[in-house]
Amino acid sequence: MELLSSTKTFGGWLKRYRHASTSVKGDMVFSIFLPPQAETKKVPVLYWLSGLTCTDENFTQKAGAFKKAAQLGLAIVCPDTSPRGTDYPNEHDSYDFGSGAGFYINATVEPYAQSYNMYDYVVDELPALISEHFRVNDKKSISGHSMGGHGALICALKNPNTYQSVSAFAPITNPTNCAWGKKVFTGYLGEDESSWQQWDATCLIQHATQRLELFVDQGDADDFLSKQLKPESLVKACFKNDHPINLRMQSGYDHSYYFIASFIDEHLDYHFDALK
Ligand SMILES: N[C@@H](CCC(=O)N[C@@H](CSC=O)C(=O)NCC(=O)O)C(=O)O
């Protein structure tokens, strides 16, 4: 791994690394916040998955999470949102497909199938790398925003007993039924919609074998709420399958990192309670 930067903050360290990834067959960059407690003991980890157009740095620079994480003794790992360095057809033409829009799934359509394996990267490869190189214990939780909120939900739903807790800010909830999801699923998975369901949180609820609560914050002034995010789909699926969900509609909040910064401390407390 190549250390790109190391910055002291709130008594801990924010470090940025580049490494060669086997899942995406190219270099990937991630950020990790190590709290002061990690100097002397192993700490639990929260994985944070960002949304469309983001890199690992949107969360580190805008969420304001590190004071609380330092107090709790919680490491936070922020992967990038897609492979970089490739130049596939349409990969860099729009904000909601290709680079910056990996969607945390494994693509099956060529040429994307060669490297757009962000699910394997965040579920298997990155945690193994983090365990090998940092003073972390085997407890982990996952959270994210929008595309990354959906990523967090599917990682938890598809991997029972892997994460101690899961939360999401303004997640896309039912990508098989919104424009963002239909566009990327067609491009990465193909036209056969039956193959899409295994990557859709609302569809996955009926197959869940662990009833891990879904903790979701959603702003009611979010411009993407009714057309892309559709939390009512997820709530309906949870209700139908007796799956626990705590959806908090937050009055006046939009889709931005100002919203995330307003509630991130509560999410960190929530995860740390489960990780203790
Ligand atoms: N057209 C907009 C859309 C990009 C946007 O809003 N991205 C969000 C995530 S949306 C769902 O995954 C985001 O987190 N942006 C980065 C940020 O720092 O706010 C555009 O291109 O701006």
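Residues numbered from 1 in each chain as written. Predicted model: local features only at pLDDT ≥ 70, side-chain atom pairs only at ≥ 80, totals over all residues. Heavy atoms only, no water.

Asker: Looking at this model, I keep getting lost on the site of the ligand. Mind explaining?
Answerer: The ligand sits among 14 residues. The nearest are Leu52, Asn58, Lys62, Ser146 and Met147. In this structure, an oxygen atom belonging to the ligand sits 2.8 Å away from a main-chain N or O atom of Leu52. For the ligand, the protein covers 72% of the area, taking 530 Å² as the surface of the free molecule. (Near = heavy atom within 4 Å. Polar contact = N/O pair within 3.5 Å; in protein donor to acceptor, adjacent residues only side chain to side chain. Areas by Shrake-Rupley, 256 points an atom, 1.4 Å probe, with all protein chains shown as cover.)

Asker: Would you take a moment to explain the pairing of strand β5 (residues 75-79) for this structure?
Answerer: Regular strands place side chains that alternate from one sheet face to the opposite one. The element β5 is largely enclosed, with a buried count of five among its five residues. By the alternation rule, side chains of β5 split into Ala75, Val77 and Pro79 and Ile76 and Cys78, which are all buried. Bridge count for strand β3 (residues 26-34) against β5 is four bridges, and the pairing is antiparallel. Note on β5: the bridge partner recorded for Phe30 is Pro79. Relative to β5, strand β4 (residues 43-49) runs parallel, the two sharing three bridges. Bridge assignment links Val45 to a residue of β5, and that residue is Ala75. (Buried < 20%, exposed > 50% of the residue type's maximum accessible area, 1.4 Å probe, protein only. Helix = DSSP H or I, 4+ residues; strand = E, 2+ residues; numbered from the N terminus. Pairing = 2+ DSSP bridges.)

Asker: Mind showing me how you'd approach the pattern of salt bridges here?
Answerer: Using the criterion set out here, one finds nine salt bridges in the structure. The salt bridge involving Arg18 is made with Glu2; its shortest N-O contact spans 2.9 Å. Here Glu2 lies in strand β1 (residues 2-9) and Arg18 lies in strand β2 (residues 12-21), a separation of 16 residues in the sequence. By relative accessible area, which is 31% here, Arg18 ends up partly exposed. Two residues, Glu57 and Arg16, come together in a salt bridge whose shortest N-O distance is 3.7 Å. Here the residue Glu57 occupies a position in helix α1 (residues 57-62), and Arg16 occupies one in strand β2, the gap between them amounting to 41 residues. Counted as one network, the salt bridges with shared partners bring together Arg16, Asp56 and Glu57. (Salt bridge = Lys/Arg side-chain N within 4 Å of Asp/Glu carboxyl O.)

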